[in-house]
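# Chains, contacts and geometry: an overview
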Amino acid sequence: MRIALILLVNAAALTAQHNPGYTDTPKLPSGWRVHDSERPHPPVVDPGPAPAEPLPVPSDAIVLFDGRTLDAWEGNKGAAKWAVQDGYMEVNGTGDIHTKQEFGDCQLHVEWASPAEVKGDSQGRGNSGIFLLGRYEVQVLDSYENVTYADGQAAALYGQHPPLVNACRAPGQWQTYDIVFRAPRFKDDGALESPARVTVLHNGVLVQDAQEYWGPSAHRSLPHYEKHPSTGQLRLQDHGNPVHYRNIWIRPL
Ligand code: MG
């Protein structure tokens, strides 16, 4: 009896480990549930070796982080307090940070690295995020041999669209996101005129192809649009994991 019980508990633990996600969340327009545990995972692609140095910055880009100061950023209650050292900033549990400046349609380059020392699993491993207009998340997660629900892995539009492929590098290695974002437009009466769209290359590999957001990012619930300005602050998420960022620049479009 005791052995049977242990086997049962282990089986449940294994299921949870290999099939994270939910079976009771509402269904997206795609037919999949939000964070659907049954949703297939994208194929894994090796993007090649990480760049040794930060990549070049175009001459007309607005540099948001050059590895030295957080001058372009602030926290929810005053100054941004993420740690800056050795040319990168580190999420340190002091809360999300956002740019002082607002942006709308843009090209954005971000380099990030999940912690070299692997701790946690699924959504608890190397979780952060990049919120365009402060609302539309491109997920940052250590998705290297780390199973989570498909719409929550690295380069997912969180809770909506998994990436086309999993191009994640190993923990501790530098990774790049190159993002082209189009803000949504609303009519005077508040109706949606055109949705937010995003193209994302992860380590140079196309992972979101002019993909539509169904609304601002949400956890365990359906996204929906409510009229908002077509510009907003760029926000980086503090999800409690010491993710690193360097070389962040943006080109308004
Ligand atoms: Mg996140």
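Refer to the structure above for everything that follows.
Residues numbered from 1 in each chain as written. Predicted model: local features only at pLDDT ≥ 70, side-chain atom pairs only at ≥ 80, totals over all residues. Heavy atoms only, no water.

## Here we look at the side chain of Arg125
Locating Arg125 in the fold gives a position in the loop between β7 (106-113) and β8 (128-132). Residue Arg125 is classed as buried on the basis of its relative accessible area of 10%. A distance of 2.7 Å separates a polar atom in the side chain of Arg125 from a polar atom in the side chain of Asp142. Contacts of Arg125, omitting those with residues within four sequence positions, involve Val118, Lys119, Gly120, Leu141, Asp142, Tyr144, Glu145, Asn146, Pro171 and Asn241. (Helix = DSSP H or I, 4+ residues; strand = E, 2+ residues; numbered from the N terminus. Buried < 20%, exposed > 50% of the residue type's maximum accessible area, 1.4 Å probe, protein only. Polar contact = N/O pair within 3.5 Å; in protein donor to acceptor, adjacent residues only side chain to side chain. Contact = heavy atoms within 4.5 Å.)

## A word on the pairing of strand β6 (residues 97-103)
Sheet analysis places strand β2 (residues 73-75) next to β6, joined by 3 bridges and oriented antiparallel. Counted as the bridge partner of Gly75 is Ile97 from β6. The pairing of β6 with strand β15 (residues 232-236) spans 4 bridges and is classified as antiparallel. Following the sheet pairing, Phe103 is matched in β15 by Gly232. (Pairing = 2+ DSSP bridges.)

## Focus: the packing of aromatic side chains
Counting across every chain of the model gives 10 aromatic pairs. Cluster of aromatic residues (ring-pair linked, three or more members): Tyr136, Phe181, Phe186, Tyr213 and Tyr225. We note Arg235 situated over the ring of Phe131; from NZ or CZ to the ring centre the distance is 4.0 Å. (Phe/Tyr/Trp six-rings, centres within 6.5 Å; stacked < 30°, edge-to-face > 60°. Lys NZ or Arg CZ within 6 Å of the ring centre and 35° of its normal.)

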